[in-house]
Amino acid sequence: MGTEHSKNKGRRSMVFLRKGAKLPAWEDALLSGREPKSLLKRGLRYVSLSLIMKGMTSTPDFLWGLPEVQKLNLSRNQLVMIPPSLGKLDRLVVLNLGGNCLKCLPKEIGLLRNLKVLFVNMNCLTEVPAELSLCRKLEVLSLSHNRISQLPLSLTDLTSLRKLNLSNNRFVQIPLCIFALRSLDFLHLGSNRLENIAESIQYLVNLQILIVENNNIRNLPRSLCYIATLELLNVDYNALQSLPDDLYLLRRLRRIAWNPMDKGLHIAHNPLSRPLPEVVEGGLDVLFNYLREKKEHN
């Protein structure tokens with residue numbers, strides 16, 4: 001019996017070795033005759049698989065035979081596409097595809113009904129599949145550093161989404177679907193091509209952090225001043241010449257902030273009309289008092 005077991009084991013190893021000889025070096029190095037399941041890490045809450053920085057240009061076939069995976073990290077490779085087989089991993093909770101060369105996502109991503117966190121930052125995406133809206137449990141979505149200029153209206157269905165990073169893309173205006181995402185507490189639209197912020201921003205009633213730095217925004221809407229939850233507003237490096245008089249209503253902005261990580265009002269590097277530059281130098285209290293008095297006199 002022991003001899004038969006040894007033969008079976010050797011036969012199985014030979015199968016992987018023969019397969020490995022035809023596959024890229026990174027996959028041969030990963031398996032080396034082992035079962036693919038040996039790459040899985042079983043934690044207290046999740047079954048994880050990390051294939052970060054493996055030099056992959058395509059995904060390994062064995063991946064789609066591991067339906068138990070809940071956290072999958074394929075970041076910082078050279079992947080140019082993700083096949084429809086992704087839909088087989090329907091237990092995924094966290095998926096990291098950041099730092100690849102992806103130009104699109106398969107529509108089968110909509111089959112990942114348990115997905116809560118998705119990173120597709122630092123790729124070459126020009127669009128987002130409408131089927132992503134089927135991932136109703138999604139809470140965190142990063143699409144930063146791509147080539148996206150619009151989002152499908154269907155993303156209004158992502159009602160659980162709390163954090164959305166769209167920085168370093170090609171948006172000329174804030175996509176309409178975003179204003180329906182009432183659970184958002186973090187929205188990053190820095191380094192795009194925005195020229196304004198729509199009045200509809202007021203519907204994001206739970207927003208705590210709004211970053212729109214490095215755009216070409218000329219005016220802030222009055223409705224922005226009614227988002228009482230805002231703790232960080234970053235409008236650095238824009239084209240602002242004036243500020244809305246009601247800005248003083250944002251009472252959770254504690255200071256004029258200079259460090260990117262600090263909460264408060266970031267307003268540096270804007271062509272503010274006088275006397276606003278001098279007022280801002282006096283701090284947030286001085287600015288708010290100035291705006292309040294200005295409104296009363298008007």
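Per an unreviewed UniProt entry, the protein goes by LRC30 protein and derives from Serilophus lunatus.

Undergrad: When you look at the overall build of the protein in this model, what are you seeing that I'm missing?
TA: Of the regular secondary structure elements, the protein holds four helices and 11 strands. Whereas a compact globule of 298 residues would reach a radius of gyration of roughly 19 Å, the protein reaches 24 Å, over 25% beyond that. With the C-alpha coordinates aligned to their principal axes, the bounding extent of the protein is approximately 95 × 35 × 30 Å. Burial analysis of the protein (298 residues in total) assigns 48% to the buried set.

Undergrad: Any chance you could explain the side chain of H266 here in plain terms?
TA: Summarising the element assignment, H266 is placed in strand β11 (residues 264-266). Of the polar contacts made by the side chain of H266, one reaches the backbone oxygen of D262; its length is 2.7 Å. Contact partners of H266, with chain neighbours within four places excluded, come to L232, L233, N234, V235, D236, A257, W258, N259 and P260.

Undergrad: Would you mind going over the pairing of strand β2 (residues 47-50) with me for this structure?
TA: Residues V47 and L49 line the buried face of β2, whereas the alternating positions S48 and S50 sit on a face that is not buried. Both β2 and strand β3 (residues 71-73) contribute to a ladder of three bridges, which runs parallel. Looking across to β3, one finds that L49 is bridged to L72.

Undergrad: What's the story with the environment of S191 in this structure? I'm lost.
TA: Tracing the backbone shows S191 in the loop between β8 (186-188) and β9 (209-211). With relative accessibility at 22%, the residue S191 sits in the partly exposed group. Residues S191 and F171 lie 20 residues apart in sequence; the distance between their C-alpha atoms is 9.1 Å. Excluding anything up to four places from it in sequence, S191 contacts N168, N169, E213, N214 and N215.

Criteria and thresholds
- Residues numbered from 1 in each chain as written.
- Predicted model: local features only at pLDDT ≥ 70, side-chain atom pairs only at ≥ 80, totals over all residues.
- Heavy atoms only, no water.
- Helix = DSSP H or I, 4+ residues; strand = E, 2+ residues; numbered from the N terminus.
- Rg over C-alpha atoms; globule rule 2.2 N^0.38 Å.
- Buried < 20%, exposed > 50% of the residue type's maximum accessible area, 1.4 Å probe, protein only.
- Polar contact = N/O pair within 3.5 Å; in protein donor to acceptor, adjacent residues only side chain to side chain.
- Contact = heavy atoms within 4.5 Å.
- Pairing = 2+ DSSP bridges.

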